[in-house]
Amino acid sequence: MVSLICTLRDHLDDVNWCAFSATLLATCSGDKTLRVYDTRDFSELSYSPLSGHGYGVHCCCFSACGQFLASCSTDATAVVWSMATGEIEAVLEHPGRSPVRICAFSPDATHLVSGASDGTLALWDFPSKRLHRTGAVNDTTMVACSFSPCGQLFMTGSTYGDLRLWDLDMNQRHAEKNAHDLGVTCCTFAPNILTGNQMVQFRLASCGQDSHLKIWAINKSKHGGCKMQLLHTLTGQSAPVLSCAFSSDGQLLVSGSVDKTVTIYDANNAVLLYTLNEHERYVTACAFSPTSPLIATGSMDKTVNIWRVEDGNSGHAGKVLPEESALTSGDGRTLAGQCKLLVSDWSEEDVSAWLVEEGLEGLVDKFRANNIDGTELLSLTKDTLASDLHIESVGLRSKVLRKVEELKGASVCTGIPDEFLCPITRELMREPVIAADGYSYEREAIESWIKTKNRSSPMTNLPLMTTLLTPNHTLKMAIGRWRTSR
């Protein structure tokens, strides 16, 4: 029996990844944040959300001890967070400054690997946070990675459709080409190590755009040779399968799909056990808890569902937040009458009311003295808070910026049509332009992107044939009509 015990509705954009430690659940999103929950009652930790990435966050993973959380983003970095304080421990800039799509810890947390949109891999020595080795597969995007349970090998998957096995010296030990037609989306090792006949065997699950979930055997001989054998092809979902994960004992395998379903299989016998249908859009992420019979699934519907896999009562009260049309603060309180306005249209009085709602009433006088309206509020930085508003407390400055980031993200939930949002910043466009990839962006955002991302498309990761930007007058007028109609 599988029961839905909890639905988390805190993210403001697509949920891209879920990860468990022994006591915590972490999720990440296109809203540029990570959120961290206590798995005893799925209450959000006091330092959550974590805001340090400049663009959407694609993946997150815990170190084995749960002391650290790593995340990676379109901003070309992997960030390491302390789970004791929520503070950033390190920022690892990917070689080549390409968007980082995937990251994974080794089981002993001595290494962290990150894979990027240009096909490059970076293997980091985690204790020193220094780059250990680099590798690459040309003309593809790295989207999947998992360490073997021995920690001496790791598998990568790419949009080209291949699975490649690497050692810690970045030597390719095996390449399974065309493992998934149209591209791999995820891969994960089972935690078990099977031994016998002078051979060590691992199990790997992979999924892809071909709508298949596959289980493989990876055999490593005592002489170091590696072979890969397909054991099962699972076809319980009718559209591309985006994510997969083994249970902590390797007995169960869960997957999420574009068809909005979550499937749970008996991994040993390749038998479909359950199909779950609670998400409203693509299921992009799934994870098993290592210490309890819980599964987390994330979706493009901006929710994370928590499932209990057992018979009987769950022991948790269902945490399902209602749909809300107004902006909400981090603790669920509805903001004052500003909710019908775009934040950029707020008056100084609206900003003052927001400060009071957020428990920052001690800053009202400072903000008024500096004539901070909605536009100024959205442009605040640590430097302006310190030099212009003379807020001396580092903690208070961080809290203000965190609340402002929540406010920016919350605009996504206020009914703004998605086509009016810049794909890079996820904010309402004021000067939309059309780039060579055919997509529309905010001019300042795409110009900055082109300068720093080697002229690749933010949407396709392919090279832009030209940097010419064409004003999208039709879209600008549509946005103007929408603003005046509110």
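That block above? That's the structure.
Let's talk about the overall build of the protein
- For the protein, the helix and strand inventory stands at seven helices and 34 strands.
- The principal-axis extent of the C-alpha atoms belonging to the protein is close to 75 × 55 × 45 Å.
- Every one of the 486 residues in the protein was classed for burial, and the buried ones make up 55%.
- Taking as baseline every contact in the protein between residues at least 6 positions apart, the subset at least 24 positions apart corresponds to 46%.
- Accessible surface, the protein as shown: approximately 20800 Å² in total, 48% of it carbon and sulfur.
- Here the protein contributes 42 positively and 55 negatively charged side chains, and the mean placements of these two sets differ by 4 Å.

Some thoughts on the pairing of strand β21 (residues 199-208)
- Counting buried residues along β21, seven of its 10 residues qualify, which places the element largely inside the surrounding structure.
- Relative to β21, strand β20 (residues 194-196) is paired through three bridges, and the arrangement is antiparallel. Note that in β21 the partner of glycine 196 across the bridge is methionine 199.
- Across nine bridges, the pairing between β21 and strand β22 (residues 213-221) is antiparallel. Within β22, the position partnered with leucine 204 by the bridge is tryptophan 216.
- Hairpin connection of β21 to β22: four residues between the antiparallel strands, including serine 211 at a positive phi of 70°.

Observations regarding the nonpolar core
- Grouped together as the largest cluster of nonpolar side chains are 30 residues, with contacts concentrated most on Leu112, Val113 and Phe154.
- Within the residue set of this core, elements represented by two or more residues are β7 (57-62), β8 (68-73), β9 (77-82), β10 (88-93), β11 (100-105), β12 (111-116), β13 (120-125) and β15 (142-147).
- Tallying contributions element by element places β11 first for this core, with five residues.
- Apart from residues no more than four positions distant in its own chain, phenylalanine 154 is found in contact with Val113, Leu121, Leu123, Cys145, Ser146, Phe147, Ser148, Arg164, Leu165, Trp166, Asp167 and Met170.
- Counting 21 residues, the second largest nonpolar core, distinct from the first, contains Phe420, Ile424, Val433 and Tyr441.

Examining the side chain of serine 82
- Here serine 82 lies in strand β9.
- Serine 82 sits in the buried class, given a relative accessible area of 7%.
- Engagement of the side chain of serine 82 in a polar contact is seen with the backbone nitrogen of threonine 85, the distance being 3.4 Å.

What to know about the pattern of salt bridges
- For the structure shown, the criterion picks out 10 salt bridges.
- Among the ionic pairs, arginine 35 bridges to glutamate 44, the shortest N-O distance being 2.8 Å.
- Using a relative accessible area of 6% as the deciding quantity, one classes arginine 35 as buried.
- Ionic pairing is found between glutamate 358 and lysine 403, a salt bridge with its closest N-O pair at 3.3 Å. Taken as a pair, glutamate 358 in the loop between α1 (348-357) and α2 (364-369) and lysine 403 in helix α5 (residues 394-410) lie far apart in primary sequence, 45 residues in all.

Side note on the packing of aromatic side chains
- Under the criterion given, the structure shown has six aromatic pairs.
- Ring plane angle 75° and centroid distance 5.6 Å describe the contact between tyrosine 55 and tryptophan 449, whose orientation is recorded as edge-to-face. In this pair, tyrosine 55 sits in the loop between β6 (50-51) and β7 while tryptophan 449 sits in helix α6 (residues 443-452), placing the two residues 394 residues apart along the sequence. For the pair tyrosine 55 and tryptophan 449, a shared accessibility class is recorded, and that class is buried.

Focus on the side chain of threonine 120
- On the secondary structure map, threonine 120 appears in strand β13.
- At 2.8 Å, the side chain of threonine 120 and the side chain of histidine 94 are in polar contact.
- Within the structure, the side chain of threonine 120 is placed 2.6 Å from the side chain of aspartate 118, a separation counted as a polar contact.
- Those residues within four positions of threonine 120 in sequence are excluded, and the remaining contacts are His94, Pro95, Ser114, Gly115, Gly135, Ala136 and Met142.

Brief notes about α1
- Listing the buried residues of α1 in full gives Asp350, Val351, Ser352, Trp354 and Leu355.
- The first or second residue beyond α1 is glycine 359, which carries a positive phi of 75°.

As for the sheet that holds strand β27 (residues 271-276)
- Overall, antiparallel pairing links the four strands, which are arranged β24-β25-β26-β27 in an open sheet. Taken across any chain shown, the strands that pair with only one partner, and hence form the sheet edges, are β24 (241-246) and β27. Looking at each pair of strands side by side, their axes are set apart by 20° on average, direction ignored.
- Across five bridges, the pairing between strand β25 (residues 252-257) and strand β26 (residues 262-266) is antiparallel.

A few points about the pairing of β27
- Relative to β27, β26 runs antiparallel, the two being bridged by five bridges. When the sheet's bridge partners are listed, tyrosine 265 is paired in β27 with leucine 272.
- Taking the residues that link successive antiparallel strands as the turn, the β26-β27 hairpin has four residues, and the phi of alanine 270 there is positive, at about 55°.

Points about the environment of aspartate 125
- Summarising the element assignment, aspartate 125 is placed in strand β13.
- Distance from aspartate 125 to histidine 111, taken between C-alpha atoms, is 4.9 Å for residues 14 residues apart in sequence.
- For aspartate 125, the contacting residues outside a window of four places in its chain are Thr110, His111, Arg130 and His132.
- Looking at aspartate 125, its side chain comes within polar contact range of the side chain of serine 128, at 2.5 Å.

Some words on the environment of lysine 399
- Residue position: lysine 399 is located in helix α5.
- Each C-alpha atom of the pair lysine 399 and tyrosine 47 lies 9.2 Å from the other, and the pair is 352 residues apart in sequence.
- In contact with lysine 399, not counting residues within four places along its chain, are Glu358 and Leu360.

The rules we used
- Residues numbered from 1 in each chain as written.
- Predicted model: local features only at pLDDT ≥ 70, side-chain atom pairs only at ≥ 80, totals over all residues.
- Heavy atoms only, no water.
- Helix = DSSP H or I, 4+ residues; strand = E, 2+ residues; numbered from the N terminus.
- Buried < 20%, exposed > 50% of the residue type's maximum accessible area, 1.4 Å probe, protein only.
- Contact = heavy atoms within 4.5 Å.
- Areas by Shrake-Rupley, 256 points an atom, 1.4 Å probe, with all protein chains shown as cover.
- Lys, Arg positive; Asp, Glu negative; His and termini not counted.
- Charge placed at Lys NZ, Arg CZ, Asp CG, Glu CD.
- Pairing = 2+ DSSP bridges.
- Core = buried A, V, L, I, M, F, W, Y, C linked by side-chain atoms within 4.5 Å.
- Polar contact = N/O pair within 3.5 Å; in protein donor to acceptor, adjacent residues only side chain to side chain.
- Salt bridge = Lys/Arg side-chain N within 4 Å of Asp/Glu carboxyl O.
- Phe/Tyr/Trp six-rings, centres within 6.5 Å; stacked < 30°, edge-to-face > 60°.
- Axes fitted to C-alpha atoms, helices over the stretch in contact; angles between N-to-C directions.

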